[in-house]
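Notes for the structure review
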Amino acid sequence: MHKTLLLTLTAAMLASTAAGAAEITVATANMSAYIDPGRDHSNVGSQNYVNAFDPLIAKDYTKPGAEFSPAIATSWTQVSPTVFEVKIRDDVQFHDGSLVTADDVVFTYQRIIDAVTPEYGSIKRQFFNNFEKVEAVDATTVRFTTLKPEPLFETLLNAQQGYIVSKAYVSGLTGDPAVADISDYEAFALKPMGTGPYKITAFQPGENIVYERFEGYFGDQAPLDGFELRRIPELSTRLTALANGEVDIITNVPPDQIATIEANPALKVEGAVTPLFHIIFFNTQNPKMANAKLRQALSMAVDRNLLNEALWLGKAVVPPNHTYPQYGELYMPELEIFEYNPEKAKALLAEAGYDGSPIRFDTDPVYYTNGLLAAQAIKEMWAAVGVPMNLNVDPKWTGDDADMEARNWSNPMYFADPAGSFGTMWSPTGARVTGGTWKPNEAYTEMWERFRYSTDVATRKAAYAEIMAYVKEEAPFLVLYQPYESYGLKQDVSWAPLPGHIPYVLDFRAGSISVD
């Protein structure tokens, strides 16, 4: 009888486990060539990290603002205006079973601060340029020293680029296991390991990533047994795969396909306005684009509201300046620096001495949802004021090319502060300034320093208003809109993008997803 009862209970347990098990497949439009949170700030990369890695400081991603809480760190204290000490848990495991120590935290940040590769150097300039050094005080205490007082300390320790990685694991991938060299960082990017609720078990660059639940996770257990991110670049193929049940979620659904998905009773759509701007930026260092009045005219020729209605069915958000509601007290919609005025555009073209020659506009064919359609519409808008466009459709990134004249791009919000979106691209150490397409003057640098490092909100707001006024005159870019990004799902999958995340994050942690 005991044997029969044991077999019955075992069978019941196995049946219960099988019933509760869930694995899903997500068809994504794009896929990363590498996985390393510390060197990545791409939209595509944002999909990869939150499930497999952890920051020192967590936040409530169900809310757009910044409400911080412990993660790997248990507490953090400001010791002096430029020194912070962080205590970490002693029970956090990497996916190989080893424990996280202060040395791992130091390693994670110091590789960026020391700019050991050009990619880490780029992240340093955009995120951690104020960090001087990181030191282990003891096995569970880390000291951060900054060059200036750091008003964004908690925010930066929550950023994806500071997700913790293992010093021993990275260093041991190639060569001398006691030393991390360039080949180790490259090997890690192809065989990544973190501390998150899922571990990455397979990665084919540009093709797919496979995740499995990590049973040793220190927080709430993952709700899925595992999942796969699979690249299917063609929209029609993604739609077919969803309809046929081959995949459970698809990304990058344009508004004109929402009704098609919703007409299928087995499917549904989730979406949200994304904390990211689609923009046009100009190469102000190209002699052809050096005149600010020409750039102002090209910006004024673009009817952003019409683009929103035509491409996004009015679901996108057209901002008055480079600002997001997530900025909280620093959200400043009263600053109107972008204007649609084709008649004024024509006058500015005349003042600039524009000679009527075509302006090259570069775009990827598929990378941005509605990106090519927007470029084609902008071509017509420029033509309406007398500017012919040479539309160059090419998957090659041309943003740093000297002969680039204008192109589309995206400007994500990496954290909820102007420094986390405008700053990463347009500050004196931002990507477009260091990339060589815009060279602001010394007065701009002073404005930025005053904005970035003040701990007084009123001072920061005043400085940001000055920065926006300077941008209006210089016109190095035009913000088009915040796109409304939609996802197609099976009816039995309950998931939606959370408002507190950076763009395109696929959060499948506890409380974020369920499968019936």
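Placed above this text is the structure.
As a starting point, this report considers the structure included with it. (Residues numbered from 1 in each chain as written. Predicted model: local features only at pLDDT ≥ 70, side-chain atom pairs only at ≥ 80, totals over all residues. Heavy atoms only, no water.)

The next point concerns the environment of Arg360. Topologically, Arg360 is positioned in strand S14 (residues 359-363). Looking at Arg360, the relative accessible area reads 17%, which means it is buried. Spatially, the C-alpha atom of Arg360 lies 41 Å from that of Thr62, the residues being 298 residues apart in sequence. For Arg360, the residues in contact, after removing those within four places along its chain, are Asn390, Asn392, Thr398, Asp403, Met404, Glu405 and Ala406. Looking at Arg360, its side chain comes within polar contact range of the side chain of Asp362, at 2.8 Å. (Helix = DSSP H or I, 4+ residues; strand = E, 2+ residues; numbered from the N terminus. Buried < 20%, exposed > 50% of the residue type's maximum accessible area, 1.4 Å probe, protein only. Contact = heavy atoms within 4.5 Å. Polar contact = N/O pair within 3.5 Å; in protein donor to acceptor, adjacent residues only side chain to side chain.)

To continue, consider the sheet that holds strand S16 (residues 406-412). Spatial ordering of the open sheet is given by S15-S14-S16-S13-S17, a layout of five strands whose pairing is mixed. Strands with a single pairing partner mark the edges of an open sheet, and in this sheet they are strand S15 (389-393) and strand S17 (477-481). Direction aside, neighbouring strands of the sheet carry axes that sit 30° apart on average. In this structure, strand S13 (residues 276-282) lies alongside S17, joined through four bridges in antiparallel fashion. Bridging across to S17, Ile279 finds its partner in Val479. (Pairing = 2+ DSSP bridges. Axes fitted to C-alpha atoms, helices over the stretch in contact; angles between N-to-C directions.)

As a further point, take the pattern of salt bridges. Counting across every chain of the model gives 26 salt bridges. Of the charged contacts in the structure, one is a salt bridge between Glu135 and Lys133, with a shortest N-O distance of 4.0 Å. The partner of Lys148 in a salt bridge is Glu449, and the shortest N-O contact between them spans 2.0 Å. Pair noted here: Lys148 is in the loop between strand S7 (141-146) and helix H4 (153-158) and Glu449 is in helix H15 (residues 442-453), with a separation of 301 residues, a long-range link. According to the relative accessible area criterion, Glu449 is partly exposed, its value standing at 30%. Here the salt bridges share partners, and the residues they tie into one network are Arg39, Glu119 and Glu186. (Salt bridge = Lys/Arg side-chain N within 4 Å of Asp/Glu carboxyl O.)

This part covers helix H9 (residues 292-300). Of all nine residues making up H9, eight are buried, and the element is well covered by its neighbours. When H9 is considered as a whole, its buried residues turn out to be Ala292, Leu294, Arg295, Gln296, Ala297, Leu298, Ser299 and Met300. For H9, the secondary structure elements touched by its buried residues are S13, helix H11 (342-352), S14, helix H12 (371-384), helix H16 (457-474) and S17.

Below, the discussion takes up the sheet that holds S7. By definition, the strands of a sheet pair up through backbone hydrogen bonds, in either a parallel or an antiparallel sense. What the four strands build is an open sheet, ordered S4-S5-S7-S6; its pairing is antiparallel. Each of the sheet's edge strands pairs with one partner strand only, and the pair in question is strand S4 (73-80) and strand S6 (131-138). Going from strand to strand, the sheet's axes swing by 20° on average, the running direction of each strand aside. Sheet strands in contact with helix H2 (residues 102-113) are strand S5 (83-88), S6 and S7, and its direction is about 165° off that of S6.

It is worth spelling out the nonpolar core at this point. Ranked by size, the top nonpolar core spans 138 residues in total, and within it Leu56, Tyr109, Phe144, Trp382, Phe422, Ile467 and Phe508 carry the most contacts. Ignoring any residue separated from it by four or fewer positions in sequence, one finds Phe508 in contact with Ile24, Val26, Asn51, Tyr198, Pro223, Leu224, Phe227, Ile249, Trp495 and Ile513. Grouped together as the second largest cluster of nonpolar side chains are 12 residues, Ala27, Ile232, Ala241 and Val253 included. (Core = buried A, V, L, I, M, F, W, Y, C linked by side-chain atoms within 4.5 Å.)

The subject of this paragraph is the packing of H15 against H16. Axis separation between H15 and H16 bottoms out at 8 Å; the angle between their running directions is 150°. Classified by the angle between their axes, H15 and H16 sit roughly antiparallel to one another. The two elements H15 and H16 cross, and the hand of that crossing is left-handed. Of H16, the residues touching H15 (which contributes Tyr444, Met447, Trp448, Arg450, Phe451 and Arg452) are Thr459, Arg460, Ala463, Tyr464, Glu466, Ile467 and Tyr470. (Parallel < 35°, antiparallel > 145°, perpendicular 65-115°, else oblique. Left-handed = near helix turned anticlockwise from the far one by under 90°.)

Take the pairing of strand S9 (residues 208-213) next. In terms of strand pairing, strand S8 (residues 198-204) meets S9 through six bridges, oriented antiparallel. Counterpart to Lys199 in the pairing with S9 is Glu212. Where S8 folds back on S9, the antiparallel hairpin that results is connected by three residues, among which Gly206 adopts a positive phi of roughly 75°. Alignment of S9 against strand S10 (residues 226-231), held across five bridges, turns out to be antiparallel. Note that in S10 the partner of Ile209 across the bridge is Leu229.

With that settled, consider the side chain of Lys59. Structurally, Lys59 is set in strand S2 (residues 57-59). There is no salt bridge for the buried Lys59, and the closest opposite charge comes from Asp60, which lies 8.3 Å off by N-O distance. For Lys59, the side chain forms a polar contact with the main-chain oxygen of Gly65, separated by 3.3 Å. Here Lys59 is in contact with Pro64, Gly65, Ala66, Glu67, Phe68, Ser69, Asn158 and Gly500, once residues within four sequence places are set aside. (Lys, Arg positive; Asp, Glu negative; His and termini not counted.)

Interhelical geometry of H2 versus helix H3 (residues 118-126) gives an angle of 90° and a closest axis separation of 7 Å. Comparing their axes, H3 and H2 come out roughly perpendicular. Residue-level contacts link Arg111, Ile112 and Ile113 of H2 to Tyr120, Ile123 and Lys124 of H3.

When you line up the elements, Ser512 lands in the loop between strand S19 (493-495) and strand S20 (513-515). On the accessibility criterion, Ser512 (15% relative accessible area) is buried. A polar contact is formed between the side chain of Ser512 and the side chain of Asp507, at a distance of 3.4 Å.

A separate point is the packing of aromatic side chains. According to the stated counting rule, one finds 40 aromatic pairs in the structure shown. Here Tyr169 and Phe188 contribute two aromatic rings whose centre-to-centre distance is 6.2 Å and whose plane-to-plane angle is 75°, an arrangement assigned as edge-to-face. Linking Tyr169 in helix H5 (residues 167-171) with Phe188 in helix H6 (residues 182-190), this pair joins segments that are 19 residues apart in sequence. Phe188 shares its class with Tyr169; the two are buried. A centroid spacing of 5.4 Å and a plane angle of 35° characterise the contact between Trp397 and Trp409, whose relative ring orientation is tilted. Of this pair, Trp397 sits in the loop between S15 and S16 while Trp409 is found in strand S16, placing the two residues 12 residues apart along the sequence. A network of ring pairs unites the aromatic residues Phe338, Phe422, Trp426, Trp438, Tyr444, Trp448, Phe451, Tyr464, Tyr470 and Phe477 as a single cluster. (Phe/Tyr/Trp six-rings, centres within 6.5 Å; stacked < 30°, edge-to-face > 60°.)

Scope: geometric values only; no functional claims are made or implied.
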